[in-house]
Amino acid sequence: MTGERNRRRGGGLVLGAVLTAGLLAGCGGDGGATPPASTTVAGAGTVTTASDGVQEVTLQTQDDYVFTPDHFTVAPGKVRVTVVNAAKQLTHNFTFPSGKGPAPIAEDIPLLAPGEKRTIEFSVEQPGDYQFVCSFHTQLGQVGTMTVSG
Ligand SMILES: [Cu+2]
């Protein structure tokens, strides 16, 4: 059981290394690739209230396995989350796994290709910590937390 999980995780890391090697090999004589982090969306993770009263926040993901930021806090009510995939290579998604928060959140982004951005809107009432993940890369640590304040 544990061995199988370790093997799968190892496979993911090897794949990541191959992709990285491919990127490095492909950059030729142009002086090197631009690090993905330099494309961070301005204001990522800052929760603002839109003119329609809905709380808004933008998260980013890229060719590593993280959400930037991986934590944000909202008040109970309507929330609009936009996820920007700044990756050149990796397709991600965004979902709240069932049982990982005080109440279920059914809204998700099933597929987010490189260069895409998508927005979902949902309501939360129950205070607490809601885990969100990219289900493709959960085992590589692509997880985060939305806190609903009390
Ligand atoms: Cu992912």
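Scroll up to find the structure.
Described in the following lines is the structure provided in the data block. The structure presented is a predicted model; accordingly, all values stated were derived computationally and were not measured.

**Overview of the sheet that holds strand E10 (residues 143-148)**
Sheets are built from strands paired through backbone hydrogen bonds, the pairs being either parallel or antiparallel.
Phase 1: Reading across from one edge, E4-E10-E9 is the order of the three strands in this open sheet, with mixed pairing throughout. In this open sheet, the two edge strands, each paired with only one partner strand, are strand E4 (71-74) and strand E9 (128-133). Looking at each pair of strands side by side, their axes are set apart by 25° on average, direction ignored.
Phase 2: With six bridges joining them, E9 and E10 adopt antiparallel strand pairing. Paired with Phe132 across the two strands is Gly144, which belongs to E10.

**Examining the coordination of the copper ion**
Phase 1: Taken together, the protein ligands of the copper ion are His92 (ND1), Cys134 (SG), His137 (ND1) and Gln142 (OE1), with distances of 1.9 to 2.2 Å.
Phase 2: Here the donor residues for the copper ion map to a single chain with the spacing H-x41-C-x2-H-x4-Q. Of this pair, His92 sits in strand E6 (residues 92-94) while Cys134 is found in the loop between E9 and E10, placing the two residues 42 residues apart along the sequence.
Phase 3: Cys134 sits in the buried class, given a relative accessible area of 0%.

**Here we look at the nonpolar core**
Phase 1: By size, the foremost hydrophobic cluster in this structure holds 21 residues, and its most contacted members are Val81, Phe94, Phe122, Val124 and Met146.
Phase 2: Sorting the residues of this core by element identifies strand E2 (55-61), E4, strand E5 (77-85), strand E7 (109-112), strand E8 (117-124), E9 and E10 as the ones contributing at least two each.
Phase 3: Once residues within four sequence positions are removed from consideration, Val81 is found in contact with Val57, Leu59, Phe72, Phe94, Arg118, Thr119, Ile120 and Phe122.

**Re the environment of Thr145**
Phase 1: Relative to the helices and strands, Thr145 resides in strand E10.
Phase 2: C-alpha of Thr145 to C-alpha of Asp70: the two residues are 75 residues apart in sequence and 6.2 Å apart in space.
Phase 3: In contact with Thr145, not counting residues within four places along its chain, are Asp70, His71, Phe72, Asp129, Tyr130 and Phe132.

What counts and what doesn't
Residues numbered from 1 in each chain as written. Predicted model: local features only at pLDDT ≥ 70, side-chain atom pairs only at ≥ 80, totals over all residues. Heavy atoms only, no water. Pairing = 2+ DSSP bridges. Helix = DSSP H or I, 4+ residues; strand = E, 2+ residues; numbered from the N terminus. Axes fitted to C-alpha atoms, helices over the stretch in contact; angles between N-to-C directions. Donors = N, O, S within 2.8 Å, 3.2 Å for Na, K, Ca; no water. Buried < 20%, exposed > 50% of the residue type's maximum accessible area, 1.4 Å probe, protein only. Core = buried A, V, L, I, M, F, W, Y, C linked by side-chain atoms within 4.5 Å. Contact = heavy atoms within 4.5 Å.

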